[in-house]
Amino acid sequence: MIEKLTSRLDGVKCTGQGRYTAKCPAHPDKSPSLVATEKEGRVLLHCFAGCEPADVLAAVGLTFADLYPGKPTYSKGRRTAQFNPYDVLKCLAREAGIVTLAAAQISTGHPLTTADAERVRLAHERLRDAAQLMGVRL
């Protein structure tokens, strides 16, 4: 659930299990003032600048209903996940953009930093996994 939110935020850093900091999208934030925590199936938000959680969600195009979907459905003993197609495409576009930027940097003779190379590896894994889920062989 929290991934739906963190994928739309800037400056996201994981600070512990299920806990993230980021720049608050509800106000001009120069340093991370938003804390998002997932605990017991709930997403908790706190902006240290005083923004209301509903305003934070609205700034990234989400509502509380997006963070608290109904109970998962099961079929034939397997859990089936339901995803918003817009969110899936947005995430895939972000991962593809990371790979494209890295390729452009390399093509101009600038090597990737270790952190950048690790992020490209993660983007590749996510794109590969998405393709496999859709039945595409790479």
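Chemist: Whenever I open this one, the environment of Ser33 confuses me. Can you help?
Modeler: Locating Ser33 in the fold gives a position in the loop between strand 2 (19-23) and strand 3 (34-39). For Ser33, a relative accessible area of 12% corresponds to the buried category. Expressed as a C-alpha distance, the spacing of Ser33 and Gly50, which sit 17 residues apart in the sequence, is 9.3 Å. Setting aside residues up to four positions removed in sequence, Ser33 forms contacts with Ala22, Cys24, His27, His46, Cys47, Phe48 and Ala49. Of note is the side chain of Ser33, whose polar atom sits 2.7 Å from the side chain of Asp29.

Chemist: Would you mind showing me how to read helix 5 (residues 114-133) here?
Modeler: For an α-helix, 3.6 residues make a turn, and residues three or four places apart therefore share a direction. Here helix 5 contains 20 residues, and its C-alpha end-to-end distance of 29 Å stays within 8% of the 28 Å for a straight helix at 1.5 Å per residue. Val120, Ala123, Ala130 and Ala131 are the residues of helix 5 that are buried. Along the axis of helix 5, the buried residues cluster in a sector spanning 100°; they form a single face. For helix 5, the exposed residues lying more than 90 degrees away from the buried face are Thr114, Ala115, Gln132 and Leu133. Taken together, the buried residues of helix 5 touch helix 4 (85-107).

Chemist: Got a minute to help me understand the pattern of salt bridges in this structure?
Modeler: Two side chains of opposite charge can pair, provided their charged atoms sit close to one another. Enumeration over the complete set of coordinates arrives at 5 salt bridges. Close ionic contact of Arg121 with Glu118 constitutes a salt bridge, the shortest N to O distance being 2.3 Å. One end of the pair is Arg121 and the other is Glu118, both in helix 5 and 3 residues apart, which spans about a single turn. We classify Arg121 as partly exposed; its relative accessible area is 37%. Classification of Glu118 as partly exposed rests on a relative accessible area of 41%. Each of Glu95, Arg119 and Arg126 takes part in a single network of salt bridges with overlapping partners.

Chemist: Can you walk me through the pairing of strand 2 in this structure?
Modeler: Side-chain direction in a regular strand flips from residue to residue, so the side chains alternate between the two faces of the sheet. Pairing of strand 1 (residues 10-16) with strand 2 involves 4 bridges; the strand directions are antiparallel. Along strand 2, the bridge assignment pairs Cys14 with Tyr20. Here strand 1 hands over to strand 2 after 2 residues, with Gly18 in that stretch at a positive phi of 70°. The sheet contact formed by strand 2 and strand 3 spans 4 bridges and is antiparallel. Within strand 3, the position partnered with Arg19 by the bridge is Thr37.

Chemist: Could you clarify how one ought to interpret the environment of Leu122 in this entry?
Modeler: Following the sequence through the fold, Leu122 ends up in helix 5. Its relative accessible area of 27% is what places Leu122 among the partly exposed residues.

Chemist: Sorry if this is basic, but what is going on with the nonpolar core here?
Modeler: Across soluble globular proteins, you tend to see nonpolar side chains buried next to one another. Formed by 17 residues in total, the largest nonpolar core has its most connected members in Leu5 and Leu45. The set of elements that each furnish at least two residues to this core consists of helix 1 (2-6), strand 2, strand 3, strand 4 (42-47) and helix 2 (53-59). If one sorts the elements of this core by residue count, strand 4 sits on top with 3 residues. In this structure Leu5 touches Ala36, Val43, Leu45, Leu57, Val60, Leu62 and Leu67, once residues within four positions along its chain are discounted.

The rules behind each value
Residues numbered from 1 in each chain as written. Predicted model: local features only at pLDDT ≥ 70, side-chain atom pairs only at ≥ 80, totals over all residues. Heavy atoms only, no water. Helix = DSSP H or I, 4+ residues; strand = E, 2+ residues; numbered from the N terminus. Buried < 20%, exposed > 50% of the residue type's maximum accessible area, 1.4 Å probe, protein only. Contact = heavy atoms within 4.5 Å. Polar contact = N/O pair within 3.5 Å; in protein donor to acceptor, adjacent residues only side chain to side chain. Expected span 1.5 Å × (residues − 1). Arc of directions from axis to C-beta. Salt bridge = Lys/Arg side-chain N within 4 Å of Asp/Glu carboxyl O. Pairing = 2+ DSSP bridges. Core = buried A, V, L, I, M, F, W, Y, C linked by side-chain atoms within 4.5 Å.

Nothing here speaks to function; it is all geometry.
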